[in-house]
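Listed below, chain by chain, are the residues.
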Amino acid sequence: GQQLNQSPQSMFIQEGEDVSMNCTSSSIFNTWLWYKQDPGEGPVLLIALYKAGELTSNGRLTAQFGITRKDSFLNISASIPSDVGIYFCAELSIQGAQKLVFGQGTRLTINP
Amino acid sequence: DGGITQSPKYLFRKEGQNVTLSCEQNLNHDAMYWYRQDPGQGLRLIYYSQIVNDFQKGDIAEGYSVSREKKESFPLTVTSAQKNPTAFYLCASSSGQGRTEAFFGQGTRLTVV
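My aim in this report is to walk through the structure given alongside it, one point at a time. All values derive from a computational prediction rather than experimental measurement. (Residues numbered from 1 in each chain as written. Chains lettered and ligands numbered in written order. Predicted model: local features only at pLDDT ≥ 70, side-chain atom pairs only at ≥ 80, totals over all residues. Heavy atoms only, no water.)

### Quick word on the pattern of salt bridges
All names here are of chain A. Considering all chains together, one arrives at seven salt bridges over all chains under this definition. Measuring nitrogen to oxygen at the nearest pair gives 2.8 Å for the salt bridge that ties R60 to D83. A residue pair is termed long-range when its members are at least 10 positions apart, and R60 in the loop between β6 (55–58) and β7 (61–65) and D83 in the loop between β8 (71–76) and β9 (85–92) qualify at 23 residues. Residue class for R60 comes out partly exposed when judged on its relative accessible area of 28%. Judged by relative accessible area, D83 falls into the buried class, the value being 6%. (Salt bridge = Lys/Arg side-chain N within 4 Å of Asp/Glu carboxyl O. Helix = DSSP H or I, 4+ residues; strand = E, 2+ residues; numbered from the N terminus. Buried < 20%, exposed > 50% of the residue type's maximum accessible area, 1.4 Å probe, protein only.)

Right, here's the structure in full:
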């Protein structure tokens, strides 16, 4: 199937630090979605990106849709304990079959 | 409230039995998806549907079946042919058009003993 490479797989940081994670794809897509998942819960949508070069913020979160349309990054500034969880990127094509594909996830752990 | 509802939250079954997981949405979304998540792992696509009465296999469809008789419902059956069915199952939906976003249910944790 389609491959999304998400990195890093895990991060261990101190509270207050900034965080950056990214995803790359072997194909060009039209939509990048970033999710956060808490243990035992479904993923919650954080940010949606629809246009190459688009930069979107949601509070302390910022995400960008890469110019090549094959990559995206998510930054979290001034991390707090509730940021702990797994972050996933996802791609959704609007041409042909609408297959929603996910990266492997980035597990964020914060030391207080 | 609008959203996606998965039920039940926890499900236990004996090995060799088929089991059906429910997913209902009242968002008027065209597209619906089923994913499997194993501990510490990402989301793997089982089946997806873009429209009523139509669905496609995802990356790990073997041992699973679905139906899409109504727009708001996309049940997943885990059959006895699925060799390792114990997992966390997630359902999602999206509008399927334009600037679309996808939203998830709370998940069903299936344990087969």
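### Focus: the nonpolar core
With 22 residues, the main nonpolar core has L33, Y35, L100 and F102 of chain A together with Y33, Y35 and F104 of chain B as its most contacted residues. It is β9 of chain A that provides the largest number of residues to this core, a total of four residues. Those residues in contact with Y35 of chain B that lie beyond four places of it in its chain are L100 and F102 of chain A together with L43, R44, L45, I46, F88, Y89, L90, A92 and F104 of chain B. L4, M11, F65 and L74 of chain A belong to the second largest nonpolar core, which has 21 residues in total. (Core = buried A, V, L, I, M, F, W, Y, C linked by side-chain atoms within 4.5 Å. Contact = heavy atoms within 4.5 Å.)

### Points about the state of the cysteines
Per the stated rule, a full pass over the model turns up two disulfides over all chains. The disulfide bridge from C23 of chain A ends at C89 of chain A, spanning 1.7 Å between sulfur atoms. Because the torsion about its S-S bond is -85°, the bridge between C23 of chain A and C89 of chain A counts as left-handed. You can see C23 of chain A sitting in strand β3 (residues 19–25) and its partner C89 of chain A sitting in strand β9, a full 66 residues away along the chain. The buried category is assigned to C23 of chain A, whose relative accessible area is 0%. What makes C89 of chain A buried here is its relative accessible area of 0%. Note that C23 of chain B is cross-linked by a disulfide to C91 of chain B, the S-S spacing being 1.9 Å. The S-S bond linking C23 of chain B to C91 of chain B shows a torsion near -75°; that makes this disulfide left-handed. Within this pair, whereas C23 of chain B is found in strand β3 (residues 19–25), its partner C91 of chain B is found in strand β9 (residues 87–94), the two being separated by 68 residues in sequence. We classify C23 of chain B as buried; its relative accessible area is 1%. (Disulfide = S-S within 2.5 Å.)

### Side note on the pairing of strand β6 (residues 54–57) of chain B
All names here are of chain B. Pairing of strand β5 (residues 43–51) with β6 involves three bridges; the strand directions are antiparallel. Residue pairing for β6: Y48 is matched across the bridge by Q56. Between β5 and β6, which pair antiparallel and follow one another directly, the connecting turn spans two residues, one of which, N53, has a positive phi of 65°. (Pairing = 2+ DSSP bridges.)

### Brief notes about the sheet that holds β6 of chain A
Residue and element names in this part refer to chain A. Read from one edge of the open sheet, five strands run β1-β3-β8-β7-β6, paired in antiparallel fashion. The open sheet terminates on both sides in strands that have one partner only, identified here as β1 (4–7) and β6. Going from strand to strand, the sheet's axes swing by 15° on average, the running direction of each strand aside. Pairing of β1 with β3 involves four bridges; the strand directions are antiparallel. In the sheet register, Q6 faces β3, and the bridge partner there is C23. (Axes fitted to C-alpha atoms, helices over the stretch in contact; angles between N-to-C directions.)

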